[in-house]
Amino acid sequence: MPTMIPGAARVSKVLSVVLGTDSIRFAPDRCDRFRLFQPPQSHQTGPDLPMLLAWLRRRRRRKIAARPFPEDWEEILRHNVRQYSSLDETEQQTLRTAVAIFVAEKSWEGCNGLDINDEIRVTIAGHACRLVLGFQGYVFDRLQTILVYPDTYVVREKDYSLGFEIEQDSLRLGEAWHQGPVILVWPSVMADAHDARREQNVVLHEFAHVLDMHDHHADGTPTLDSPEQYQTWDEVMRHEFAQLVDDIQSGRPTLLDQYGATNLTEFFAVCSECFFECPRQMREHHGRLYDVLRRFYHQDPAGS
Ligand SMILES: [Zn+2]
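Our subject in this report is the structure included herewith. (Residues numbered from 1 in each chain as written. Predicted model: local features only at pLDDT ≥ 70, side-chain atom pairs only at ≥ 80, totals over all residues. Heavy atoms only, no water.)

Considering the packing of helix H4 (residues 89–105) against helix H5 (residues 118–131)
Right, on to step 1. Where H4 meets H5, the axes come as close as 9 Å, and the angle between the chain directions of the two elements is 125 degrees. Here H5 runs oblique to H4, going by the angle between their axes. Of the two elements, H4 crosses H5, and the hand of that crossing is right-handed. On H5, the residues that touch Leu95, Ala98, Val99, Phe102 and Val103 of H4 are Arg121, Val122, Ala125, Gly126, Ala128, Cys129 and Arg130.
Right, on to step 2. Class assignment for the residues of the contact of H4 with H5 results in 9 nonpolar, 1 polar and 2 charged. (Axes fitted to C-alpha atoms, helices over the stretch in contact; angles between N-to-C directions. Helix = DSSP H or I, 4+ residues; strand = E, 2+ residues; numbered from the N terminus. Parallel < 35°, antiparallel > 145°, perpendicular 65-115°, else oblique. Left-handed = near helix turned anticlockwise from the far one by under 90°. Contact = heavy atoms within 4.5 Å. Nonpolar A, V, L, I, M, F, W, Y, C, P; charged D, E, K, R; others polar.)

Considerations on H5
Right, on to step 1. Helix length check: H5 (14 residues) gives 20 Å between terminal C-alpha atoms against 20 Å at 1.5 Å per residue, within 8%.
Right, on to step 2. Within the span of H5, buried status applies to Ile120, Val122, Thr123, Ile124, Ala125, Gly126, His127, Ala128, Cys129, Arg130 and Leu131.
Right, on to step 3. Where H5 starts, the residue carrying a side-chain oxygen 3.1 Å from the main-chain nitrogen of Glu119 turns out to be Asn117. (Expected span 1.5 Å × (residues − 1). Buried < 20%, exposed > 50% of the residue type's maximum accessible area, 1.4 Å probe, protein only. Polar contact = N/O pair within 3.5 Å; in protein donor to acceptor, adjacent residues only side chain to side chain.)

Examining the nonpolar core
Right, on to step 1. Counting residues in each nonpolar core, the largest one holds 73 residues, and the members touching the most others are Ile124, Phe140, Phe207 and Tyr297.
Right, on to step 2. Those residues in contact with Phe140 that sit more than four places away from it in its chain are Phe102, Lys106, Ala128, Leu131, Val132, Phe207, Val210 and Leu211.
Right, on to step 3. If you look at the next biggest cluster of nonpolar residues, it comprises 6 residues, including Cys111, Leu147, Tyr153 and Val185. (Core = buried A, V, L, I, M, F, W, Y, C linked by side-chain atoms within 4.5 Å.)

Some words on a positive patch on the surface
Right, on to step 1. Positive charge collects at one region of the surface, where Arg58, Arg59, Arg62, Lys63 and Arg67 lie side by side.
Right, on to step 2. Mapped onto the elements of the fold, Arg58 is located in helix H2 (residues 49–66).
Right, on to step 3. Under the relative-accessibility criterion, Arg58 is labelled partly exposed at 46%. (Patch = residues over 30% accessible without salt bridge, like charges linked within 9 Å, V, L, I, M, F, W, Y side chains within 5 Å. Areas by Shrake-Rupley, 256 points an atom, 1.4 Å probe, with all protein chains shown as cover. Salt bridge = Lys/Arg side-chain N within 4 Å of Asp/Glu carboxyl O. Lys, Arg positive; Asp, Glu negative; His and termini not counted. Charge placed at Lys NZ, Arg CZ, Asp CG, Glu CD.)

So, the packing of H5 against helix H7 (residues 202–212)
Right, on to step 1. For the pair H5 and H7, the least separation of the axes is 9 Å and the interaxial angle reads 50 degrees. On the basis of the axis angle, H5 is oblique to H7. Between H5 and H7 lies a crossing of right-handed hand. Counting all contacts with H5, which are made through Ile124, His127, Ala128, Arg130 and Leu131, the residues of H7 involved are Val203, Leu204, Phe207, Ala208 and Leu211.

With respect to the state of the cysteines
By definition, a disulfide links two cysteine residues through a covalent bond between their sulfur atoms.
Right, on to step 1. All told, the structure shown has 0 disulfides when counted by the stated rule.
Right, on to step 2. Sulfur of Cys274: no disulfide; nearest cysteine sulfur belongs to Cys278 and is 4.8 Å away.
Right, on to step 3. For Cys274, a relative accessible area of 1% corresponds to the buried category. (Disulfide = S-S within 2.5 Å.)

Side note on the pattern of salt bridges
Right, on to step 1. One pass over the full model with this rule turns up 21 salt bridges.
Right, on to step 2. When the shortest N-O distance is used, the salt bridge between Arg57 and Asp141 registers 3.6 Å. Placement of the pair is Arg57 in helix H2 and Asp141 in the loop between H5 and strand S3 (145–149), with a sequence separation of 84 residues.
Right, on to step 3. Glu105 serves as the salt-bridge partner of Arg60, at 3.0 Å between the closest nitrogen and oxygen. With Arg60 in helix H2 and Glu105 in helix H4, this residue pair connects regions lying 45 residues apart in the sequence.
Right, on to step 4. Since its relative accessible area comes to 21%, Glu105 is described here as partly exposed.
Right, on to step 5. One salt-bridge network, in which partners are shared between bridges, spans Arg57, Arg60, Arg61, Glu105 and Asp141.

Dropping the structure here:
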């Protein structure tokens, strides 16, 4: 489990109020945030500007992809992204290219005195880009900034759950902001990367939130390919979410982390962690859930 955070249950209660969702708290030792804002008003920039920017991005990415991938970066992937060695050569090449683009395009900022180095950049990029290996060139294109803390961090926030405003400190392990930064705690990233016994991965979790918010809604339903896929997704996710809540309330063990019972938004992020960290167990015990995620991610990590 991630770093224990006393008081996280209080934090999660704030989350449910902020989001206006029917939150159920079962796992007070996990704590993260996703922030959703209305998309900014677009400014009239001329009809050709988006095409020009896209062309410039493609050209820049071709140059990045043409560079040799540093040997020490590949060593970092092998050491800190354990699934890297399980990928075939084509998938490894796709991941290396995505990592190189991700590292080059994002702005990396160390917080509270943390010095950002290649291990931090490549490890986070390696896990994040696992999510989008099947998305043909998409590398979290709208995301600009990654903030990394050396330890659990504290944010001052307002709590309205009692009907009036209370200001208090909120302890965080990670956040994903709509069209804003992703914030991570480096020791949590490494703990998840090196503990094969657990199904959690904070990088996968926060970047799944980014995918969810791509359509400007943090509702646990990312952008899908067809009305039929939306219908199936809604049916399966709601059924599995209800099953998780029931299992927890009945004291039955669950493969999915109990934090997923918070709401459908967290459920999608938790399911994404499990899909990549424990794919065979998920396929065995949650076959329909595995299948909708396989269709969305265009990946089959459990293999044949
Ligand atoms: Zn979350």
